[in-house]
Amino acid sequence: MKRNLFTLILPGLLVAATGVGAGDLATASFTGSELGVAVLWAVVVGGVFKYVLTEGIARWQLVNGNSLLEGLVQKLG
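Residues numbered from 1 in each chain as written. Predicted model: local features only at pLDDT ≥ 70, side-chain atom pairs only at ≥ 80, totals over all residues. Heavy atoms only, no water.

1. Looking at the overall build of the chain
What the chain contains, in helices and strands, is 4 helices and 0 strands. For the chain, buried positions account for 3% of its 77 residues. Accessible surface for the chain amounts to roughly 6900 Å². Of this, 72% is attributable to carbon and sulfur atoms. (Helix = DSSP H or I, 4+ residues; strand = E, 2+ residues; numbered from the N terminus. Buried < 20%, exposed > 50% of the residue type's maximum accessible area, 1.4 Å probe, protein only. Areas by Shrake-Rupley, 256 points an atom, 1.4 Å probe, with all protein chains shown as cover.)

2. Quick word on the packing of helix 3 (residues 40-64) against helix 4 (residues 68-76)
Where helix 3 meets helix 4, the axes come as close as 9 Å, and the angle between the chain directions of the two elements is 70 degrees. The angle between helix 3 and helix 4 places the two elements in the roughly perpendicular class. Every residue of helix 4 that contacts helix 3 at Ile57, Trp60 and Gln61 is listed here: Leu68, Gly71 and Lys75. Classifying every residue of the contact of helix 3 with helix 4 by side-chain character gives 3 nonpolar, 2 polar and 1 charged. (Axes fitted to C-alpha atoms, helices over the stretch in contact; angles between N-to-C directions. Parallel < 35°, antiparallel > 145°, perpendicular 65-115°, else oblique. Contact = heavy atoms within 4.5 Å. Nonpolar A, V, L, I, M, F, W, Y, C, P; charged D, E, K, R; others polar.)

3. Quick look at the pattern of salt bridges
The full count for this structure, using the stated rule, is 1 salt bridge. Note that Arg59 is salt-bridged to Glu55, the shortest N-O span being 2.9 Å. With Arg59 and Glu55 both in helix 3 and 4 residues apart, the pair spans about one turn of that helix. (Salt bridge = Lys/Arg side-chain N within 4 Å of Asp/Glu carboxyl O.)

4. So, a nonpolar patch on the surface
A cluster of nonpolar side chains, Leu53, Ile57, Leu68, Leu69, Leu72 and Leu76, forms an exposed patch at the surface whose accessible area comes to about 590 Å². Going through the elements one at a time, helix 3 and helix 4 are the ones with two or more residues in the nonpolar patch. In terms of residue count, the dominant contributor to the nonpolar patch is helix 4 (4 residues). Inspection of the secondary structure assignment puts Leu69 in helix 4. (Patch = residues over 30% accessible without salt bridge, like charges linked within 9 Å, V, L, I, M, F, W, Y side chains within 5 Å.)

5. Focus on the side chain of Asn66
Tracing the sequence through the fold places Asn66 in the loop between helix 3 and helix 4. At 3.3 Å, the side chain of Asn66 and the side chain of Gln74 are in polar contact. Excluding residues that lie within four positions of it along the chain, Asn66 makes contacts with Trp60, Gln61, Gly71 and Gln74. (Polar contact = N/O pair within 3.5 Å; in protein donor to acceptor, adjacent residues only side chain to side chain.)

6. Side note on helix 2 (residues 22-35)
Compared with an ideal rise of 1.5 Å per residue, which puts 14 residues at 20 Å, helix 2 spans 20 Å between its outermost C-alpha atoms and is within 8% of the ideal. With 0 of its 14 residues buried, helix 2 lies for the most part at the surface. In the stretch just after helix 2, Gly36 is the one whose phi turns positive, near 70 degrees. (Expected span 1.5 Å × (residues − 1).)

What follows is the structure, encoded as structure tokens:
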């Protein structure tokens, strides 16, 4: 049972780790040490915004067949 859980979670952890760089870790550590949990709400709000934007951009690309930047150039010139 424990091994199945590990093999289920490991790919997601690897993908998440590739998106976090040294600068992110340093900034988060500094901010956390200075402000504590007072800015924890920003993590939740940022996560929601990131999900909504990623979902919307993915749907745009699937429907239109071009990237968001290509669509902006076509619509705005």
